[in-house]
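Below are the chains, spelled out letter by letter.
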Amino acid sequence: MTLEELVPCDSSKMQAVSEAVERVLVAAQRQDRLTVGVYESAKLMNVDPDSVVLCVLATDEEDEGDIALQIHFTLIQAFCCDNDIHILRVSGMQRLATILGEPEPATEPRDLHCLLVTNPHTDAWKSQGLAEVASYCAESRDKNQWVPYVCLQER
């Protein structure tokens, strides 16, 4: 049984959190506060973990068999837990590529499997969407779901 089968993608709560995740990622990208890629994310967390406020781990069903990716995810999740960084697992790689404005198929795509949203060390950047996502992560942890899941839906 997969995570997608355990957590329904069509609930109103899931839809609201999914939309909040999308708003956060778009705003972070626009403000140059989004780190994209497993390797780039690991480098940033090593240098400045206090600036990271959200870690998004994205996979689709075909990625479940990628052992190297799963090992990277396990290490990133452990690091995030140790550093009190909210973690969210999402499916819907195509939707993720769409909202982040991925380049045309002829160019090399970015590695969207790991995304970090950073926050400056000031309180200047406040986001209602980030507060929604953080609340969802906290609620999930209270239910012993340490890495909550969100399904990004095509629109």
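Reading the values: rules and limits
- Residues numbered from 1 in each chain as written.
- Predicted model: local features only at pLDDT ≥ 70, side-chain atom pairs only at ≥ 80, totals over all residues.
- Heavy atoms only, no water.
- Helix = DSSP H or I, 4+ residues; strand = E, 2+ residues; numbered from the N terminus.
- Buried < 20%, exposed > 50% of the residue type's maximum accessible area, 1.4 Å probe, protein only.
- Contact = heavy atoms within 4.5 Å.
- Areas by Shrake-Rupley, 256 points an atom, 1.4 Å probe, with all protein chains shown as cover.
- Core = buried A, V, L, I, M, F, W, Y, C linked by side-chain atoms within 4.5 Å.
- Pairing = 2+ DSSP bridges.
- Axes fitted to C-alpha atoms, helices over the stretch in contact; angles between N-to-C directions.
- Salt bridge = Lys/Arg side-chain N within 4 Å of Asp/Glu carboxyl O.

Quick notes on the overall build of the protein
- Regarding its fold elements, the protein presents six helices and five strands.
- Reading the protein from its N terminus to its C terminus gives the helix and strand order α-α-β-α-β-α-β-α-β-α-β.
- The burial tally for the protein puts 49% of its 155 residues in the buried class.
- Counted over contacts in the protein with a minimum sequence separation of 6, partners at least 24 positions apart contribute 81%.
- As displayed, the protein has an accessible area near 8500 Å², and 52% of this comes from carbon and sulfur atoms.

Focus on the nonpolar core
- Within the largest apolar cluster, 31 residues are counted, with the highest numbers of intra-cluster contacts made by Leu25, Leu54, Leu88, Leu96 and Leu115.
- Looking at this core, the elements with two or more residues in it are helix 2 (12-30), strand 1 (34-36), strand 2 (52-58), strand 3 (86-91), helix 5 (93-99), strand 4 (114-118), helix 6 (128-142) and strand 5 (149-151).
- Examining the composition of this core, we find that seven residues originate from one element, helix 2, more than from any other.
- When near neighbours in sequence (up to four residues on either side) are disregarded, Leu25 contacts Leu34, Val56, Leu96, Ile99, Leu100, Leu115 and Val117.
- Judged by nonpolar contacts, the second largest core, of 15 residues, contains Leu69, Phe73, Cys114 and Leu116.

A word on the sheet that holds strand 2
- The sheet built from five strands is open, its strands ordered 1-4-2-3-5 with mixed pairing. The open sheet has two free edges, formed respectively by strand 1 and strand 5, since each of these has just one partner strand. Pairs of neighbouring strands in the sheet enclose a mean axial angle of 25°, with direction left out of account.
- Bridge count for strand 2 against strand 4 is five bridges, and the pairing is antiparallel. Its bridge partner being in strand 4, Val52 is matched across the sheet by Thr118.
- Helix-sheet contacts for helix 2 involve strand 1, strand 2, strand 3, strand 4 and strand 5, and the interaxial angle to strand 5 is about 85°.

So, the pattern of salt bridges
- Taken as a whole and judged by the stated rule, the model has three salt bridges.
- Arg95 is the salt-bridge partner of Glu22, the closest N and O atoms lying 2.7 Å from each other. One end of the pair, Glu22, is in helix 2; the other, Arg95, is in helix 5, and 73 residues separate them in sequence. In terms of burial, Glu22 and Arg95 fall into one category: buried.
- Residue Glu132 pairs with Arg23 through a salt bridge whose shortest N-O separation is 2.8 Å. Taken together, the positions of Glu132 in helix 6 and Arg23 in helix 2 put the pair 109 residues apart, joining distant regions of the chain.
- Assessed through its relative accessible area of 26%, Glu132 is described here as partly exposed.
- Owing to a relative accessible area of 43%, Arg23 belongs among the partly exposed residues under this scheme.

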